[in-house]
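Descriptive analysis of the structure
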Amino acid sequence: MEKFSSFDEIKKSLENRETDCRAIVTHYLENITTKAHLNAFVEVYKQSALEQADLVDEKITKGKAGKLAGMVIGIKDVLCYAGHEANASSNILKGFQSQFTTTAVQRLIDEDAIIIGRLNCDEFGMGSSNENSAHGKVLNAMDETRVPGGSSGGSAVAVQANLCTVSLGTDTGGSVRQPAAFTGVIGMKPTYSRVSRWGLIAYASTFDTIGIFSKTIRDNALVMEIMAGHDEFDSTSSRKPVLHYSELLHFEKKAKVAYLKETLESPALQQEIKENTLAVLEKLQSEGHEVTEVQFPLLKYLLPTYYILTTAEASSNLSRFDGVKYGYRSPNAHNLESMYKLTRSEGFGEEVKRRIMLGTFVLSASYYDAYFTKAQQVRRLIKDFTENLLNEFDYIIMPTTPSTAFKFGEHSGDPVAMYLEDLFTVQASVSGVPAISIPNGKDKSGMPIGLQVISNSFKEAELYAFSNYLTELTS
């Protein structure tokens, strides 16, 4: 069963009657048990997954199966799934049962995908290492002394370690692309509004996107074309038509590619990542593509802008967790005020509390204009610069991360060093444009290196096709 490295292979095996969905799910369940120490899953839906598998097998027999029959999917623990627990890997939501299913997840189920469980993550999606989870840290399957990246570390490791076919994560400032780079898989963040956020437990509402981890571009594109599109439950979701991305992967034209001088000259950039990125750019040039160095003078403003705005939104979004409506309520409270204070102090982890405090500070009356308003203005400058660049060029290429996966505890005492891990991923998030991370070799210690490709808004079809071309070019 290990031979199934893609959904295409699963489909072929199902068509040839060499296996069935129950056997596929059983295989993944065995893998999850064998590799339980990686801590990728916080809950495995063994019974419901096998029941789903039997239903899909019936549909296959009758010739009525959907496009994703046989695909086994894990979902990040911030995505609601009716009748199952979702607690954003936080003690403050311990025991909370979802009353409805995330639109993106439901669309996959409607095409007969099988949901096998929920995946570990940094609490409320806040982190770059998956060390901030109430369920404990996730281990990188390639080197268990190293982080898998975050916040979607469990989702990345689930695909890396063959615990499911594809997984869903969320990307606020790089939380799909960065762990994809650290674990050697493909991670896609779509255009903001391309995929409905209905059913996603919010961190920063104007940044949050649901993304996809996979081992092949085709699998990623197929899942995206099914879950994307307008949703009446999410007023921010786009009405633009969704293309058949998985059928548009052929790339023939000569591309105009830009790379940002400042990213490759960053003192934080690991030498091997720089060399591998330059090698790809040189390969593209030798194949006749136009490759141009451009300057990005706003690079140093990316992280401050991102963290001011996202912490402000987090402060607002997380104010709903107060012990009154749902989730954890402190047993030590003796009046209303102490209930609020103790519930939030005991329920939230250190990183979440840090970001709530930062967000509350930048939204306070005395500092609102100096920080929040100014950051909104800079966000507009970054967005305009990026979009103008993408109107001139087809793609921007840069490293996904400044370093490969670091050791556990390496940045734990220094939040600023941890935030620097998002240095190259936040541009796409601040601008709202799509970006993908694809594997680009390994460093001398054998850890994966990621290459990031960015395209203009709603150009997912072109981004997938070019990324597919790049994976073939560099393999």
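I will try to describe carefully the structure that is included in this document. These numbers come from a predicted model, not from an experiment.

**Describing the overall build of the protein chain**
Check the secondary structure of the protein chain and you find 16 helices and 11 strands. For 475 residues, the compact-globule estimate of 2.2 N^0.38 gives 23 Å, and the C-alpha radius of gyration of the protein chain, at 21 Å, lies within 12% of that figure. In the protein chain, buried positions account for 60% of the 475 residues. Restricting to contacts in the protein chain with at least 6 residues of sequence separation, those with at least 24 account for 75%. Distance between charge centres in the protein chain, computed from 48 positive and 58 negative side chains, equals 2 Å.

**What about the pairing of strand β5 (residues 186-189)?**
Because side chains alternate across β5, one face comprises the buried residues Ile186 and Met188, and the other comprises Gly187 and Lys189, equally buried. Pairing between β5 and strand β6 (residues 209-214): three bridges, direction antiparallel. Looking across to β6, one finds that Gly187 is bridged to Phe213. Summarising the sheet, β5 and strand β10 (residues 435-442) pair through three bridges and their orientation is antiparallel. Within β10, the position partnered with Met188 by the bridge is Ile436.

**Overview of the sheet that holds strand β7 (residues 256-260)**
In a beta sheet, neighbouring strands are held together by backbone hydrogen bonds and run either parallel or antiparallel to one another. Pairing is mixed in the open sheet, where 11 strands are placed in the order β1-β3-β2-β4-β6-β5-β10-β11-β9-β7-β8. Where the open sheet ends on each side, the last strands, each with one partner, are β1 (41-44) and β8 (290-294). If you compare each strand with its neighbour and ignore which way they point, the axes differ by 30° on average. Inspection of the sheet shows strand β2 (residues 72-76) paired to strand β4 (residues 166-171) by three bridges, in the parallel sense. By the bridge assignment for β4, Ile75 is matched with Leu168. On the sheet, helix α13 (residues 368-392) packs against β7, β8, β9 (395-399) and β11 (448-454) and is oriented at approximately 120° with respect to β9.

**Thoughts on the packing of helix α2 (residues 21-34) against helix α3 (residues 46-62)**
Two elements in contact, α2 and α3, have axes separated by 8 Å at closest approach and are oriented at 155°. The angle between α2 and α3 falls in the class roughly antiparallel. Considering the relative orientation of α2 and α3, their crossing is right-handed. Side by side, α2 and α3 meet where Cys21, Arg22, Val25, Thr26 and Leu29 of the first sit next to Lys46, Ala49, Leu50, Ala53, Asp54, Val56, Asp57 and Ile60 of the second. Of the residues in the contact of α2 with α3, the class split is eight nonpolar, one polar and four charged.

**Remarks on the packing of aromatic side chains**
Applying the stated criterion across every chain yields a total of 22 aromatic pairs. For the pair Phe251 and Tyr469, a centre-to-centre distance of 5.3 Å together with 35° between the ring planes defines the contact as tilted. Of this pair, Phe251 sits in the loop between α7 (217-227) and β7 while Tyr469 sits in helix α16 (residues 460-474), and the two are 218 residues apart along the sequence. Tyr469 matches Phe251 in its accessibility class, with the two residues each being buried. Members of the aromatic cluster, each reached through a chain of ring pairs, are Phe96, Phe124, Phe321, Tyr326 and Phe348.

**Some words on the environment of Lys300**
Looking at the secondary structure, you find Lys300 in helix α10 (residues 299-317). Overall, the relative accessible area of 62% leaves Lys300 in the exposed class. For the pair formed by Lys300 and Ala49, sequence separation is 251 residues and the distance between their alpha carbons is 46 Å.

**Notes on the packing of α10 against helix α12 (residues 350-363)**
Taken N-terminus to C-terminus, the directions of α10 and α12 make an angle of 100°; their axes are 7 Å apart at the nearest point. Classified by the angle between their axes, α10 and α12 sit roughly perpendicular to one another. Facing Tyr307, Ile308, Thr311, Ala312 and Ser315 of α10, the residues of α12 in contact are Arg355, Ile356, Leu358, Gly359, Thr360, Val362 and Leu363. A breakdown of the residues in the contact of α10 with α12 according to their chemical character gives seven nonpolar, four polar and one charged.

**Re α7**
With 10 of 11 residues buried, α7 lies mostly within the body of the structure. For α7, the set of buried residues is Ile217, Asp219, Asn220, Ala221, Leu222, Val223, Met224, Glu225, Ile226 and Met227. One or two steps after α7, the chain reaches Gly229, where phi turns positive at roughly 115°.

**A look at helix α4 (residues 103-110)**
Of all eight residues in α4, six are buried, a share of seventy percent or more. For α4, the full list of buried residues reads Thr103, Ala104, Val105, Arg107, Leu108 and Ile109. On the buried face of α4, the contacting elements are α3, β2, β3 (114-119), β4, β6 and α7. Among the residues trailing α4, Asp112 stands out with phi positive, at a value near 75°.

**Here we look at the side chain of Asp219**
The topology assignment puts Asp219 in helix α7. No salt bridge is formed by the buried Asp219. Its closest oppositely charged neighbour is Arg218, at 6.6 Å. In this structure Asp219 touches Ser6, Phe7, Asp8, Thr165, Val166 and Ser214, once residues within four positions along its chain are discounted.

What counts and what doesn't
- Per chain, residue numbering runs from 1 following the sequence as it is written.
- Per-residue local features of the predicted model are confined to residues with pLDDT of at least 70, and side-chain atom pairs are confined, for both listing and counting, to 80 or more; whole-chain, interface and lining totals are unaffected and use all residues.
- As a convention, hydrogens and water are excluded, and side-chain values are obtained from all of the structure's heavy atoms.
- Helical segments are the DSSP runs of H or I of at least four residues, strand segments are the runs of E of at least two, and each set is numbered from the N terminus.
- Our radius of gyration is a C-alpha quantity, and the globule rule it is checked against amounts to 2.2 Å times the number of residues to the power 0.38.
- Classification of residues uses two cut-offs on accessible area relative to the type maximum, computed with a 1.4 Å probe and protein chains only: under 20% is buried, over 50% is exposed, and between them is partly exposed.
- Here, residues are in contact when the closest pair of their heavy atoms is within 4.5 Å.
- Think of it this way: Lys and Arg go in the positive column, Asp and Glu in the negative one, and His and the chain ends go nowhere.
- We put the charge of a Lys on NZ, of an Arg on CZ, of an Asp on CG and of a Glu on CD.
- Pairing between strands is defined by DSSP: at least two bridges between them are needed.
- What counts as an axis is a line fitted to C-alpha atoms, over the stretch in contact for a helix, and the angles between N-to-C directions run from 0 to 180 degrees.
- Any angle from 65 to 115 degrees is called roughly perpendicular, while one under 35 is roughly parallel, one over 145 is roughly antiparallel, and all others are oblique.
- Helix crossings fall into two classes, left-handed where the near helix is turned counterclockwise from the far one by less than a right angle and right-handed where it is turned clockwise.
- Three classes are used: nonpolar for Ala, Val, Leu, Ile, Met, Phe, Trp, Tyr, Cys and Pro, charged for Asp, Glu, Lys and Arg, and polar for all others, with Gly counted as polar.
- In this scheme Phe, Tyr and Trp rings, the latter by its six-membered ring, pair at centre separations within 6.5 Å, and the angle between planes marks the pair as stacked below 30 degrees, edge-to-face above 60, and tilted otherwise.
- Each reported salt bridge corresponds to a side-chain nitrogen of Lys or Arg within 4 Å of a carboxyl oxygen of Asp or Glu.

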